[in-house]
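Spelled out, the chains give:
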Amino acid sequence: MSIDFTKRTCYTADVEKMKAAHKLLVEVPFKPSLPERGYNNRSLHIDLTTMKVTEKQVTDQMKQIFIGGRGFGLWYLWNAIKPSTKWNDSENDIVISPGPVGGNTQYPGSGKSLVVTLSPLTGVPIDSNVGGYFGPLMKFCGFDAIEIQGKAKNDVIVLIDGQKGVIRIEEAPLESPDSHIAAELFTHEYANDHDDLRNVSVVSAGRGAEHALVGCLNFSWFDVRRGCTRLKQAGRGGIGSVFRDKKVKALVVHAPPVKGDMNHPVDIDRIAKVGVKLHREIHDNDDKQCHMRRQGTAHLVEIMDAYDLLPCNNFQFGKHPDVKNIESKVWDARFTQGIPDGCWYGCSMQCSKGADGHVVKSGPYKGDTVTVDGPEYETAAGCGSNCGIFDRDWLLEANFYCDTYGIDTISFGTLTAFVMECYQRGILNKERTGGLELSWGNAAAQLELLHRIARGEGFGLIAGQGIRRMKKIFSEKGWGDLAFLNDIGMEVKGLEYSQYMSKESLAQQGGYALANKGPQHDEAWLIFMDMVNNHIPTFEDKAEALHYFPLFRTWFGLNGLCKLPWNDVEPADNAMTSEPAKVPEHVQNYCEIFTAITGREIDKTELIRMSEGVYQFQRVFNLRMGYGKRADDVPPYRSVGPVTKEEYESRAERYDKQLKELIFVDPAGKSVDEKIAIHRKYREDRYQKLMDAVYKRRGWTREGIPTLETLKKFKVDFPEVVEVVKHHISKI
Amino acid sequence: MKFLKTDTSACSGARACEKACAMTFFKKEDSAYSCILHQKASGKSDLNVCNQCGACIEVCPVKALSRNKLGVVMVDKKTCIGCFMCVGFCPTVSMRRAPGSREPFKCVSCGACVKACPSKALSLSEKDHAGLPC
Ligand code: SF4
Ligand code: SF4
Ligand code: SF4
């Protein structure tokens, strides 16, 4: 198919008129600077209630213990809020920080911003890792982080202009909040000329985030080949909802033109050496390995299907005969090929694929021609197979609208799958959904639900609150049994699951349910190691993996790094190393670039220690907000084993075999219900044992509380942290 | 398209080309600063230099690479953001990075090495480079 990738509906015709309607509220000058050794040593604080703009110093202690990115976000949030704070209280803080490594242009995957806020879904801090140029460009204006506190009266934008040395807060009444338009407009409003467009990046949400609690943020960059803004999402945990609650329409950064040495690293040759080596590795191996450059993460669809791991019909089943309609071949053909698709400079992995020329078929933008950013695997599985939908163009439609409305595709997919199962089982019906026939595979109804969520209308208002609140509402209305809703509602801590089946991998059940922020696989993805390769057979082995990998992956978030170039391409000889799952050569690369930028010499052991302080601190933060205990780490049974007869029967052979070989029960003569009950007891018991082993390995009590020795060991035994923990330990 | 044609059978391994190139652009003699490199592969001389195929043009995220009027692929240093993806993705590994530098460098078909070569192993050719995408 040949699609003109430069052709799309133009939204910038009235850009001058829109800019002229802005009302300046505050203008504060600042001295633009560039980082030294990866840090500017200052951050920016904006209070939208008082309209005060202040600078804060980034201290050596912050750099030593919290490093940057997610660490800075958690530290600032801790200081901004109280234990009683709710997500929509004025003091809730949105913190964006790229970390010291972020913004280098040589090592693939170095442009991530980490966003931290108090989540409306979980009541504990959420952290989200997002591409786009905002974080690095903000750093090149002179700030290691930005905090947004307070609430504005009317819709505002915050501008950081590092070319002019000025911060402005402006009321911006005319621009659409929807991201595919907002990003385009604000980029054109603040760029000096065409060549300057790529020095602007916009953070925005959309009208959906105004009504739903599953709102996301979009971070933009200007794609010079397509001639349009592209979007990446800080998807998880409802950050977009907090953003719109504060009446922020957009954050805009306008930075000086980027060069390759703007972090002022200690040793640029050392970074360039490993950067070029990885570019070459991707050049040589990607075609033979993951095809990230052509398909992005969507290459995973049929692999997951083949291993019975692709969530279908609300995680009931792991494969589907129609998968061929949404598998990698389809996306390979639909994505525009041959143009750079990195979400930051220097990412030769280029997974940020775009489907150009999508003609919108529903909702407010019906008839427009747009570029859809994605779908990535999570969207294809969440909005697709998990809802029984196997239609390429409807998936593009869902992807487009989720993004532009500021709705997280992962939560939307998982919550719609839950709604569809409730519909299948009569917990919901047409009257209760306002006439929507939410049966498996009904893509048009899925989109209509999305539009209603975005408008905050009828059943859409309920669905947009996420699974945890829906379960409560459905049971209070007497529509369904709470215990069953708890079994099939795929959330832990209030956050919807991302799109992998964990039923046959105990380690991954822990990877999801033990994650600090809720069940997102960016803490640990252990399914192949555990289920396929059986490399971590004992509870202790699994606990070790659930110590190492969450900490290793936390480190990406401290530094502004993307996880994908770590193991979505591997050195040709990786399998021959002693620990292939860790990709030792790439771990060494990370030590090299961190040291080459900051001058702080680290090795692979120190790397884990750096993460551990922040990780333990985040656990205590959860406790401080009233969660973070054993009971909060328990997964819904749907993620652990078969809830229903259909699920059991779909894998009867496997489950019967397990009864015999693992549980030593003869399945002959037993009813399916009996067999389900035996499995459940065995599996839930195993999960409890896993928790014991993991807590022990992490230095926590049996209740999941970090001990004082643990906090001390990782130097996060600040008096106010110790206070929280003491309170809980003394209660035991 | 103007490109540097190499005749490895004539090459005596004097490495005069490397010195001439490094001197022209960096005022240094070190081959780390030369666009053309003499390498020995299984005992034979091999000359590695850009053939102006143009593959790197597509790789650049900011359109800093383009052909000039003569068809020579040039790096626009003002636009370049120093990612070195072009270095990693050149099919013949002929795009290079010099120590300490922020941008890559490559052969621009200037001919300094042609004059320096004692064995007449190098020449500038104007002909189309058959088989290569341009
Ligand atoms: S691998 Fe993909 S998501 Fe990660 S930095 Fe590169 S383009 Fe962005
Ligand atoms: S540098 Fe490499 S890719 Fe670019 S024109 Fe020369 S040979 Fe081709
Ligand atoms: S190093 Fe410069 S010329 Fe080469 S790909 Fe990157 S931006 Fe383009």
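Refer to the structure presented above.
Small disclaimer: the values here were computed from a predicted structure and weren't measured.

Our next topic: the overall build of chain A. Summing up its helical and strand segments, chain A has 29 helices and 17 strands in all. Rg of the C-alpha trace for chain A: 24 Å, near the compact-globule value of 27 Å for 732 residues, within the 12% margin. Counting only residues that meet the buried cut, chain A has 67% of its 732 residues in that class. Across chain A, contacts joining residues at least 24 apart in sequence account for 72% of those joining residues at least 6 apart. When the accessible area of chain A is evaluated, it comes to approximately 23,900 Å², of which 51% is carbon and sulfur surface.

Residue and element names in this part refer to chain A. Pairing is mixed in the open sheet, where seven strands are placed in the order 1-9-8-13-10-11-12. Both edges of this open sheet fall to strand 1 (23–29) and strand 12 (228–234), since each of them pairs with a single strand only. When the angles between neighbouring strand axes are averaged without regard to direction, this sheet yields 20 degrees. Across six bridges, the pairing between strand 1 and strand 9 (residues 166–171) is antiparallel. Across the sheet, the residue bridging to P29 is V166, located in strand 9. The sheet strands contacting helix 4 (residues 134–141) are strand 8 (156–161), strand 10 (200–204), strand 11 (217–223) and strand 13 (248–254), and the helix crosses strand 13 at an angle near 55 degrees.

All names here are of chain A. Core analysis: the largest hydrophobic core is formed by 235 residues, its most contacted members being I46, L48, F134, I160, F474 and Y590. Looking at this core, the element that brings in the most residues is helix 21 (residues 539–559), giving ten residues. If sequence neighbours within four positions are ignored, F134 has contacts with I96, S113, I146, I160, S201, V203, F219, S220, L251, V252 and V253.

Bringing helix 8 (residues 268–285) of chain A into the picture now. Over its 18 residues, helix 8 of chain A extends 25 Å from the first C-alpha to the last, a length consistent with the 26 Å expected when each residue adds 1.5 Å. Turning to helix 8 of chain A, its buried residues are I268(A), I271(A), A272(A), V274(A), G275(A), L278(A), H279(A), R280(A), E281(A), I282(A) and N285(A). If you follow the buried residues of helix 8 of chain A, they end up packed against helix 9 (292–295), helix 22 (564–567) and helix 23 (584–598) of chain A together with helix 3 (85–89) of chain B. Here helix 8 of chain A starts with a cap whose side-chain oxygen sits 3.3 Å from the backbone nitrogen of D269(A), and that cap is D267(A).

We now examine the interface of chain B and chain A. Contacts between the two partners involve 28 residues from chain B and, on the opposite side, 25 residues from chain A. The junction of chain B with chain A conceals about 2,100 Å² of combined surface from both sides, 57% of it contributed by carbon and sulfur atoms. On inspection of chain B and its partner chain A, the count reaches three salt bridges. For the side of chain B that touches chain A, the element with the most residues is helix 3 of chain B, which contributes four residues.

In this section: the site of ligand 2. The local shell around ligand 2 holds 13 residues, among which C50(B), C53(B), G54(B), C56(B) and C90(B) are the closest. Its residues assigned to classes, the shell around ligand 2 comprises eight nonpolar, four polar and one charged.

This next bit is on the side chain of N313(A). On the secondary structure map, N313(A) appears in the loop between helix 10 (301–306) and helix 11 (328–334). A relative accessible area of 12% places N313(A) in the buried class.

The geometry of an aromatic ring pair comes down to the distance between the two centres and the angle between the two planes. Residues and elements named next belong to chain A. Enumeration over the complete set of coordinates arrives at 44 aromatic pairs over all chains. Judged by centre distance (6.1 Å) and plane angle (55 degrees), the rings of W75 and F617 are tilted. Of this pair, W75 sits in helix 3 (residues 70–80) while F617 sits in helix 24 (residues 604–624), and the two are 542 residues apart along the sequence. Comparing W75 with F617, the two get one shared label, buried. Consider the rings of F459 and F474, whose centres lie 6.3 Å apart with planes at 20 degrees: the pair is stacked. Placement of F459 in helix 16 (residues 459–463) and of F474 in helix 17 (residues 467–476) is noted, with a sequence separation of 15 residues between them. By relative accessible area, which is 4% here, F459 ends up buried. One aromatic cluster is present, built from ring pairs that chain together Y107, Y548, F549, F552, W555, F556, W566, Y590 and F594. Cation over ring: R680 sits above Y637, and NZ or CZ is 4.3 Å from the ring centre.

Moving on: the site of ligand 3. All residues adjacent to ligand 3 are C60(B), P61(B), V62(B), A64(B), L65(B), C80(B), I81(B), G82(B), C83(B), F84(B), C86(B) and P104(B). Residues that form the shell around ligand 3 fall into these classes: eleven nonpolar, one polar and no charged.

Residues and elements named next belong to chain A. Taken as a whole and assessed by the stated rule, the structure comprises 64 salt bridges over all chains. Its salt-bridge partner being E661, residue K657 comes within 4.0 Å of it at the nearest N-O pair. Taken together, the residues K657 and E661, both in helix 26 (residues 652–661) and four residues apart, mark about one turn of the helix. Its relative accessible area of 49% is what places K657 among the partly exposed residues. A single network of salt bridges, built from pairs that share partners, joins R8, D223, R226, R230, D341, K353, D356 and D373.

Turning next to the side chain of E147(A). Within the secondary structure layout, E147(A) lies in strand 7 (residues 146–149). With relative accessibility at 1%, the residue E147(A) sits in the buried group.

Rules of the game
Residues numbered from 1 in each chain as written. Chains lettered and ligands numbered in written order. Predicted model: local features only at pLDDT ≥ 70, side-chain atom pairs only at ≥ 80, totals over all residues. Heavy atoms only, no water. Helix = DSSP H or I, 4+ residues; strand = E, 2+ residues; numbered from the N terminus. Rg over C-alpha atoms; globule rule 2.2 N^0.38 Å. Buried < 20%, exposed > 50% of the residue type's maximum accessible area, 1.4 Å probe, protein only. Contact = heavy atoms within 4.5 Å. Areas by Shrake-Rupley, 256 points an atom, 1.4 Å probe, with all protein chains shown as cover. Pairing = 2+ DSSP bridges. Axes fitted to C-alpha atoms, helices over the stretch in contact; angles between N-to-C directions. Core = buried A, V, L, I, M, F, W, Y, C linked by side-chain atoms within 4.5 Å. Expected span 1.5 Å × (residues − 1). Polar contact = N/O pair within 3.5 Å; in protein donor to acceptor, adjacent residues only side chain to side chain. Buried area = accessible area lost by both parts, 1.4 Å probe. Salt bridge = Lys/Arg side-chain N within 4 Å of Asp/Glu carboxyl O. Near = heavy atom within 4 Å. Nonpolar A, V, L, I, M, F, W, Y, C, P; charged D, E, K, R; others polar. Phe/Tyr/Trp six-rings, centres within 6.5 Å; stacked < 30°, edge-to-face > 60°. Lys NZ or Arg CZ within 6 Å of the ring centre and 35° of its normal.

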